[in-house]
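Analysis of the macromolecular model
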Amino acid sequence: MKNIEISTQEGDISGYCAEGFEPVVDAFVTNFEQRQELGASCSLRIDNEVKVHLWGGYKDKEQTTPWQQDTMSLVFSCTKAMVALCALRLIDQGKLKLDEPVSTYWPEFAQNGKESATVRMILNHSVGLPALRELVKEGAYLDFDYMAHRLAEEAPFWPPGSQMGYHLMTYGWTVGELVRRASGMSLGEYFKTEIANPLDAEFYIGTPESEHHRIAKMNQPRPKPGAPVTDFVKALFSEPNSCSSLAWLNNGKHRSDSPAAYSAEIGGGGGISNAEALAKLYTPLANGGELNGYRVISESLLNKARQVSMATGNDNTLRMPTRFGLGFMCTMDNRYREMGHVESFIAGEQAFGHVGAGGHIGFADPAEKLAFGYTMNRMGAGLMLNERGQALIDATYKVLGYSNSNAGYWAK
């Protein structure tokens, strides 16, 4: 294992890497030197053996506080995969069933056209609740009970199971309420007790105040005037009653980078973590669902969860082609589109995981027993990957002997 200590004009980079994985380090350095990285971490494991672990840059836009090994940040929708994993574990425990009506566990949900909606539909973004139509109260995202109640009352935007649209923030309260009803624990507590702690992974859904000082605030992207935007962004301003606009803007003046938000259990996008923890969490998922004798999920259910469950040529929320398993994103190659460079996730054919807004990523690839994490604090344009995270993934697959991604995924 080689120690890494590199100084750039954008800050120092530290960590270590195994022999042969130097191209991943090179890509990480290039992100700082050429791609406007501010602060970031990257970690990858193969068969639970650490191959790359890097951190560097700065926690703040003023570039006064270095990003440390234990620095964390919001990872936005990377949280959804962890929320889904909670529900999947409860299925294995016999406390939820995939094709059982949601109302079996959450009776209030059976109204306004959702009577036949199933747990599977909640997990794969087809249940029809990507947003709420009527304005939510100020601070709504901090009130789990309020959001769950509002979603139980809401009429679906389409008949459940018939279409799909990314449940941008509502996913955390629909799946999260199922977790709460089935386990008798809050979402964050169940995740901590059953998944994060046993895997020694520092990922919080509801971060203790004692750890807030380690969180690097996110910095928003600043597109150049006249630069093209995604169809999702276009819908925000031209279609105020659309799923896209309501999912993003009807948020009760939510401030994601505030202490109150850090402490709240916001499963749709409020998780706090770093690359090392993401890689730890995906390690059992890259190895049949078990790690060091602790089975997180049965291999049979894991194989089902990572397969495409719903796919569409035009996601009702994201306004682009999407492919989802049971809570996990599958590879998505939208590079042929005008904004496809921020609408794609290109990994191995068997890879599955979840992107976080601005470019975070955590995923597993069972074909290589690979677990991968990347987090940062300067967001890129769009809600999917951008060239920084994708460059790290590309370098990883090239090191592993893959040569071509023209099929929509990396192949040997």
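None of the values given here were measured: they were computed from a predicted structure.

Strand pairing in a sheet takes place through backbone hydrogen bonds and is either antiparallel or parallel in direction. Overall, mixed pairing links the 3 strands, which are arranged E6-E5-E7 in an open sheet. A single partner strand is all that each edge strand has here, and the edge strands are strand E6 (215-216) and strand E7 (271-273). As paired elements, strand E5 (residues 72-76) and E6 share 2 bridges and run parallel to each other. Bridge pairing links Ser-73 to Ala-216 in E6.

Turning our eyes to something else, we now look at the side chain of Asn-251. Among the secondary structure elements, Asn-251 is positioned in the loop between helix H8 (243-249) and helix H9 (259-263). At a separation of 3.3 Å, a polar atom in the side chain of Asn-251 contacts the main-chain carbonyl oxygen of Trp-248. Residues within four places of Asn-251 in sequence aside, it is in contact with Val-136 and Tyr-141.

What follows is about the pairing of strand E2 (residues 11-17). Summarising burial for E2: 5 of the 7 residues are buried, a large majority. In sequence, strand E1 (residues 2-8) turns back onto E2 through a hairpin of 2 residues. As paired elements, E2 and strand E4 (residues 49-57) share 5 bridges and run antiparallel to each other. Bridging from a neighbouring strand, Gly-15 pairs with Leu-54 of E4.

The rules behind each value
- Residues numbered from 1 in each chain as written.
- Predicted model: local features only at pLDDT ≥ 70, side-chain atom pairs only at ≥ 80, totals over all residues.
- Heavy atoms only, no water.
- Pairing = 2+ DSSP bridges.
- Helix = DSSP H or I, 4+ residues; strand = E, 2+ residues; numbered from the N terminus.
- Polar contact = N/O pair within 3.5 Å; in protein donor to acceptor, adjacent residues only side chain to side chain.
- Contact = heavy atoms within 4.5 Å.
- Buried < 20%, exposed > 50% of the residue type's maximum accessible area, 1.4 Å probe, protein only.

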